[in-house]
2 protein chains.
Amino acid sequence: MSQLPKQRTEVSVPTSADVARLAGVSRATVSYVLNNNATVRISEPTRHRVREAATQLGYVPHAAARSLRAGHSRMVLLPSGHIPAGPLHQRFFQELQAGLRRLDYTVVQYGSAGLDADEAARAWAELRPVAVVVPPGITLTRHGTGVLTRSGAKAVITLGPEPVEGAHGLVMDQRRVGAGAVGHLLARGRRRIGVVMPREPGLAPFSEPRLAGARQAAGTAGAHILPLPLRYEEESAAELAGGWRELGLDAVFAYNDEYAMLLMRALQDAGVAIPGDTAVVGADDLLLGRLLRPRLSTVRMELAMEHPLAETIDRLVHHPGTAPVHHDLLRTSAVHRESS
Amino acid sequence: MSQLPKQRTEVSVPTSADVARLAGVSRATVSYVLNNNATVRISEPTRHRVREAATQLGYVPHAAARSLRAGHSRMVLLPSGHIPAGPLHQRFFQELQAGLRRLDYTVVQYGSAGLDADEAARAWAELRPVAVVVPPGITLTRHGTGVLTRSGAKAVITLGPEPVEGAHGLVMDQRRVGAGAVGHLLARGRRRIGVVMPREPGLAPFSEPRLAGARQAAGTAGAHILPLPLRYEEESAAELAGGWRELGLDAVFAYNDEYAMLLMRALQDAGVAIPGDTAVVGADDLLLGRLLRPRLSTVRMELAMEHPLAETIDRLVHHPGTAPVHHDLLRTSAVHRESS
DNA sequence: TTGAAAGCGGTACCAC
DNA sequence: GTGGTACCGCTTTCAA
């Protein structure tokens, strides 16, 4: 465009060469000093000059250049979707992140909403992460797993409801949630059980298996299951509650505590007695559910991990090639309160 | 350790050189073809052979190498903390992310919990992002801003309650929330107003300014403000409610709807009439708040953005050096329901 | 139309 | 102790 000798309006970013020049040493020395390389002995005055120069220039090493040279990164990639995580996942990721940081990994969440499964896997692979942890709600295919491992990922771990071939599966089988809720309702003598299916997009990876689990539990007992689509809005709940008696249900598993609270209020407003006419069970054991009257019965979820996931990942990184392992981590327990 | 000639158990990751070799062309040609470079004409047979080779090898370009060569990345970094985002922020980030993706940026969240402000800024700078968007709850210092811009970030934007020198501030002044709540309560004739201060760590960046805003609004009207520490647990709420009458309050702004629901239940259980004895106001306008009886009054929050943030960022990236701009985006409106 | 080669920033081997 | 230098994977200029 311009004939000018390359505009220099932007102050150029200092490199290790700049530090070397200012300190009057070579780039090699700069690298040794700043990385506290123990295999080589550098005199104290030199070390000082290098550090001085680095801080003076505001030098920050270039992670990409470093990992390019090293041939590997210490980045653990967590694809993230658009689903607001429940309390279980929040705690889980919190811990995972803290654990990985302690082991000196860089944890990065990559927003993958709106990409199809294989596009997404390719996009992740471009970053050359050393490990990828795919949360429930994000689809990972067999092909995607292949792309990731072939691009150098030492550990590909899926947390989704379904195991994926080639990836390690620390699976959280959502069917347990449905089964737990329905089991509880059956034990309390209920036989015609509605199961709320959120209409909100993106929740299907959770709601479908929960329904399947509910059906499974009901099947063996000869009980009846009826899916009930519901939007997370008062009008939708009022509508569902309006036709409630015609449904002939004596219980409902409401997907989670939030939908349960919504539906329970609508049922009460429609004159349905709880738990007299209909028992209501949620899931997640939210604090707010305990504030209702009647107090909301719920399915509590916990993760059964012998070892923190961060350490498992670290082990996989050091010993790759381990045959994929599949564990179901989800433990559920029905919590009986007053609504069932 | 071992004398073996470098274990080759791990299949090496295919590079553009591998693709070139397989296709019988040079690396340059591979780059041209795979990037659809329009400035150079490559024959159709060659293009085909290259693409063929790439898919056969499962070639995925190395993002770090690419941006190293290019001298810049298209990565927008979103540091993230450990604070569960409210509905406002969730929507906001959802939109931001989608918008940035449409403009072909790579959006990456970087877990920064447990790092001090300047360590964190340095860690972000190592990734050489082209832009950084710092959400409320993450501290960015003036120094941190300097580190980021000197490392090549074209846009540093803070969303925190406080503007930061050197960074663009799309500020969300949380004082408005407190002021809105208290203004509403004053208008309804309340004069002795409690303000719930969550004891949970990490919420101070929100709760402190909300309290300040409450004080400000009360000050001009000669009303009284009393901070009320509260843990998000039933016992803590029961304790607070137990000594309620001695506090002599006729209203409470409960930080947000969740704390409001918790406290309101405890007050009702302690025999405090709502809104008769004490008015309760939350914030966030959660659906669940509408399900209580009395329905929870709240402060609704919205963002007033003329332009989507993604486009603003894109503009800043193309025209850096723009003087930092500070806008307060937060618009609040008190929503009167039944609890006040 | 294609290829050779330089160079982005950092690390580590090998000389001196 | 310290410096020279090759190289990681990719893009792009310049020549052929």
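Given the structure is predicted, the values throughout are model-derived calculations rather than measurements.

How each quantity is defined
Residues numbered from 1 in each chain as written. Chains lettered and ligands numbered in written order. Predicted model: local features only at pLDDT ≥ 70, side-chain atom pairs only at ≥ 80, totals over all residues. Heavy atoms only, no water. Near = heavy atom within 4 Å. Polar contact = N/O pair within 3.5 Å; in protein donor to acceptor, adjacent residues only side chain to side chain. Helix = DSSP H or I, 4+ residues; strand = E, 2+ residues; numbered from the N terminus. Pairing = 2+ DSSP bridges. Axes fitted to C-alpha atoms, helices over the stretch in contact; angles between N-to-C directions. Contact = heavy atoms within 4.5 Å. Core = buried A, V, L, I, M, F, W, Y, C linked by side-chain atoms within 4.5 Å. Buried < 20%, exposed > 50% of the residue type's maximum accessible area, 1.4 Å probe, protein only. Right-handed = clockwise from strand over helix to strand, strands pointing away. Least-squares fit on C-alpha atoms with pLDDT ≥ 70 in both. Arc of directions from axis to C-beta. Buried area = accessible area lost by both parts, 1.4 Å probe. Salt bridge = Lys/Arg side-chain N within 4 Å of Asp/Glu carboxyl O. Nonpolar A, V, L, I, M, F, W, Y, C, P; charged D, E, K, R; others polar.

**Q** Lay out the protein's contact with DNA strand D with the relevant residues and their values.
**A** Near DNA strand D there are 27 residues, and of these Ser16(B), Arg27(B), Tyr32(B), Tyr59(B) and Arg69(B) occur at the shortest range. A share of 58% is what sugar and phosphate atoms reach among the atoms of DNA strand D within 4 Å of the protein. Between a phosphate oxygen of DNA strand D and a side-chain N or O atom of Tyr59(B), the distance comes to 2.6 Å. Going through the elements one at a time, helix H2 (27-34) and helix H4 (63-70) of chain A together with helix H2 (27-34) and helix H4 (63-70) of chain B are the ones with two or more residues in the surface near DNA strand D.

**Q** Which residues make up the sheet that holds strand E3 (residues 131-134) of chain B, and what values do they have?
**A** Taken in spatial order, the 12 strands of this open sheet run E11(A)-E5(A)-E4(A)-E3(A)-E1(A)-E2(A)-E2(B)-E1(B)-E3(B)-E4(B)-E5(B)-E11(B), and their pairing is mixed. Each edge of the sheet is formed by a strand with only one pairing partner; in this case those strands are strand E11 (326-328) of chain A together with strand E11 (326-328) of chain B. With direction set aside, neighbouring strand axes in the sheet form an average angle of 20 degrees. In the sheet, strand E5 (residues 168-171) of chain B pairs with E11(B) via three bridges, with the strands oriented parallel. Bridging across to E11(B), Gly169(B) finds its partner in His326(B). Sheet strands in contact with helix H13 (residues 309-318) of chain B are E3, strand E4 (155-158) and E5 of chain B, and its direction is about 145 degrees off that of E4(B).

**Q** Can you explain the nonpolar core? Please cite residues and give values.
**A** Counting residues in each nonpolar core, the largest one holds 58 residues, and the members touching the most others are Trp244(A) and Trp244(B). Listed by contribution, the elements that provide at least two residues to this core are strand E7 (224-230), helix H10 (234-242) and helix H12 (257-269) of chain A together with strand E7 (224-230), helix H10 (234-242) and helix H12 (257-269) of chain B. Sequence-distant contacts of Trp244(B), that is, excluding residues within four places in its chain, are made with Leu228(B), Leu249(B), Val252(B), Leu263(B), Leu267(B), Val272(B) and Thr278(B).

**Q** Outline the sheet that holds E7(A), supporting the account with residue identities and numerical values.
**A** Residues and elements named next belong to chain A. As summarised here, the arrangement of the four strands in space is E7-E6-E8-E9, forming an open sheet in which the pairing is parallel. At either margin of the open sheet sits one strand with a lone partner, and together these are E7 and strand E9 (279-281). Sheet twist, expressed as the average angle between the axes of neighbouring strands with direction ignored, equals 25 degrees. Direction of pairing for strand E8 (residues 251-253) relative to E9: parallel, over a ladder of three bridges. Bridge pairing in E9 links phenylalanine 253 to valine 281. Sheet strands touched by H12: strand E6 (192-198), E7, E8 and E9. Its angle to E9, the strand with the most contacts, is close to 160 degrees.

**Q** How would you sum up the pairing of strand E6 (residues 192-198) of chain B? Please name residues and give values.
**A** All names here are of chain B. With six of seven residues buried, E6 lies mostly within the body of the structure. Pairing between E6 and E7: seven bridges, direction parallel. Directly across from valine 195, in E7, lies its bridge partner proline 227. Each parallel crossover has a hand, and the one from E6 via helix H9 (residues 204-221) to E7 is right-handed. Note: E6 against strand E8 (residues 251-253), three bridges, orientation parallel. Within E8, the residue paired with isoleucine 193 across the bridge is alanine 251.

**Q** Break down the relation of the copies chain A and chain B for me, with residues and values.
**A** The two chain copies are related to each other by a rotation about an axis together with a translation along it. Superposing chain A onto chain B takes a rotation of 180 degrees plus a shift of 0.0 Å along the axis, which leaves an RMSD of 0.1 Å. The transformation just described matches what one would write down for a two-fold rotation axis.

**Q** Quick rundown of H2(B)? Include the residues and the values.
**A** Residue and element names in this part refer to chain B. When H2 is considered as a whole, its buried residues turn out to be Thr29, Val30 and Val33. Along the long axis of H2, the arc covered by the buried residues comes to 105 degrees, so they all point the same way. One or two residues past the end of H2 sits asparagine 36, with phi positive at roughly 50 degrees.

**Q** Run through the interface of chain A and chain B, naming residues and quoting values.
**A** Facing 54 residues of chain A, the contacting portion of chain B comprises 53 residues. Across the interface of chain A and chain B, roughly 4800 Å² is buried in total on both sides, 57% from carbon and sulfur atoms. Broken down residue by residue, the surface that chain A buries against chain B is led by Val60(A), Arg128(A) and Leu291(A), which jointly contribute 12%. At the boundary of chain A and chain B, one finds six salt bridges. Of the charged contacts, one joins Arg290(B) and Glu234(A) as a salt bridge, the two residues approaching to 3.9 Å between their closest N and O atoms. Applying the counting criterion to the chain A and chain B interface returns 15 residue pairs in polar contact (both at pLDDT 80 or more). Breaking the side of chain A that touches chain B down by element, the ones donating at least two residues are H4, helix H5 (87-102), strand E2 (106-111), helix H6 (117-126), helix H7 (142-150) and H12 of chain A. Ranked by the residues each element gives to the side of chain A that touches chain B, the list is headed by E2(A), at six residues. Its residues assigned to classes, the side of chain A that touches chain B comprises 26 nonpolar, 13 polar and 15 charged. Note that E2(A) and strand E2 (residues 106-111) of chain B share three bridges and pair antiparallel. If you follow Tyr110(A) over to E2(B), its bridge partner there is Val108(B).

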